[in-house]
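What the coordinates show
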Amino acid sequence: MTVDEKRKMELDTMRQIMGIYCHNKHNTQRGELCDECQDIWSYAKYRVEVCPHMEHKTFCSVCKTHCYGPIYGEKIRAIMRYGGPRMLWVAPIKVLRHMFLEWQDKRSSK
Ligand SMILES: [Zn+2]
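Sequence order sets the numbering: in each chain, residues are counted from 1 along the sequence as written. Local features in this predicted model are restricted to residues of pLDDT 70 or higher, and side-chain atom pairs are both shown and tallied only at a pLDDT of 80 or more, whereas totals for entire chains, interfaces and linings draw on every residue. Water and hydrogen atoms were dropped before computing side-chain values, which therefore reflect all heavy atoms in the structure.

A short note on the overall build of the chain
Each helix corresponds to a stretch of at least 4 residues labelled H or I by DSSP, and each strand to a stretch of at least 2 residues labelled E; elements are numbered beginning at the N terminus. For the chain, the helix and strand inventory stands at 4 helices and 0 strands. Ordering the α and β elements of the chain from the N terminus gives α-α-α-α. Classification of residues uses two cut-offs on accessible area relative to the type maximum, computed with a 1.4 Å probe and protein chains only: under 20% is buried, over 50% is exposed, and between them is partly exposed. Counting all 110 residues of the chain, 39% fall into the buried class. In the chain, the share of contacts with a sequence separation of at least 24, taken over all contacts with a separation of at least 6, comes to 68%. For every accessible area listed, the method is Shrake-Rupley and the probe measures 1.4 Å; residues are considered covered only by the protein chains on display. Looking at the chain as shown, the accessible area adds up to about 7,100 Å², and 55% of this sits on carbon and sulfur atoms. Between two residues, a contact is recorded if the distance between any of their heavy atoms is within 4.5 Å.

Brief notes about helix H3 (residues 69-90)
In this scheme, the bend at a residue equals the angle between the axes fitted to the seven residues that finish there and the seven that begin there. In the structure, H3 departs most strongly from a straight axis at Gly84, where the bend amounts to approximately 35° and where the proline Pro85 lies between one and four residues downstream. Within H3, burial applies to Gly73, Ile76, Ile79, Tyr82, Gly83, Gly84 and Met87. As for H3, its buried residues are in contact with helix H1 (3-26), helix H2 (35-50) and helix H4 (92-108).

Observations regarding the environment of Ser42
Secondary-structure assignment places Ser42 in helix H2. Given the relative accessible area of 37%, Ser42 is considered partly exposed. A polar side-chain atom of Ser42 sits 2.8 Å from the main-chain carbonyl oxygen of Gln38. Any N or O atom pair separated by 3.5 Å or less is treated as a polar contact, with the protein-specific requirement of one donor-capable and one acceptor-capable atom, and with residues adjacent in sequence counted only for side-chain atom pairs.

A closer look at the pattern of salt bridges
One side-chain nitrogen of Lys or Arg within 4 Å of one carboxyl oxygen of Asp or Glu is enough to make a salt bridge. Taken as a whole, this structure holds 2 salt bridges when the rule is applied. The salt bridge partner of Asp12 is Lys8, with a shortest N-O separation of 3.0 Å. Here Asp12 and its partner Lys8 are both found in helix H1, 4 residues apart, which amounts to about one turn of the helix. Here Arg77 and Glu74 are joined by a salt bridge, their closest N and O atoms 3.5 Å apart. One end of the pair is Arg77 and the other is Glu74, both in helix H3 and 3 residues apart, which spans about a single turn.

Section: the packing of aromatic side chains
Think of it this way: a Phe, Tyr or Trp ring, Trp meaning its six-membered ring, pairs with another when their centres are within 6.5 Å, and the plane angle makes it stacked under 30 degrees, edge-to-face over 60, tilted otherwise. Taken as a whole and judged by the stated rule, the model has 2 aromatic pairs. Ring centres of Tyr21 and Tyr82 lie 5.3 Å apart, and the angle between their planes is 85°; on these two criteria the pair is classed as edge-to-face. Taken together, the residues span a long stretch of sequence, with Tyr21 in helix H1 and Tyr82 in helix H3 at a distance of 61 residues. Taken as a pair, Tyr21 and Tyr82 share a single burial class, namely buried. Between the aromatic rings of Tyr43 and Tyr72, the centroid separation amounts to 4.0 Å while the plane-to-plane angle is 10°, which identifies the pairing as stacked. Pair noted here: Tyr43 is in helix H2 and Tyr72 is in helix H3, with a separation of 29 residues, a long-range link. Accessibility expressed as a relative area gives 22% for Tyr43, which makes it partly exposed. A cation over a ring is seen here: Lys75 above Tyr72, with NZ or CZ 5.9 Å from the ring centre. The ring centre of Tyr82 lies 3.8 Å from the NZ or CZ of Arg86, which sits over that ring. Whether a charge lies above a ring is judged from NZ of Lys or CZ of Arg, which has to be within 6 Å of the ring centre and within 35 degrees of the ring normal.

What follows is the structure in structure tokens.
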């Protein structure tokens, strides 16, 4: 997988999780984001796009650099915790692939 593909996959997964979270928590239309979530999403997208570690890591969830910062980091973690398991129903293949790559990454970094 190329760096660009990884970046795109990270963003796609994150955007889908945020869509689920916002729809359930903030009553937005499916696939849409409210202002607050849109703000978090813009920030997260920016961080992934400028991430210097993308080349030698799999995903932000296993990254040692917590580049989201304390305020957004907390919000993003809460969204991922909420939406991650629900993604299994929506896009099981995508989630399993993500989990597999994460596992591979953890194993190789030991
Ligand atoms: Zn929202």
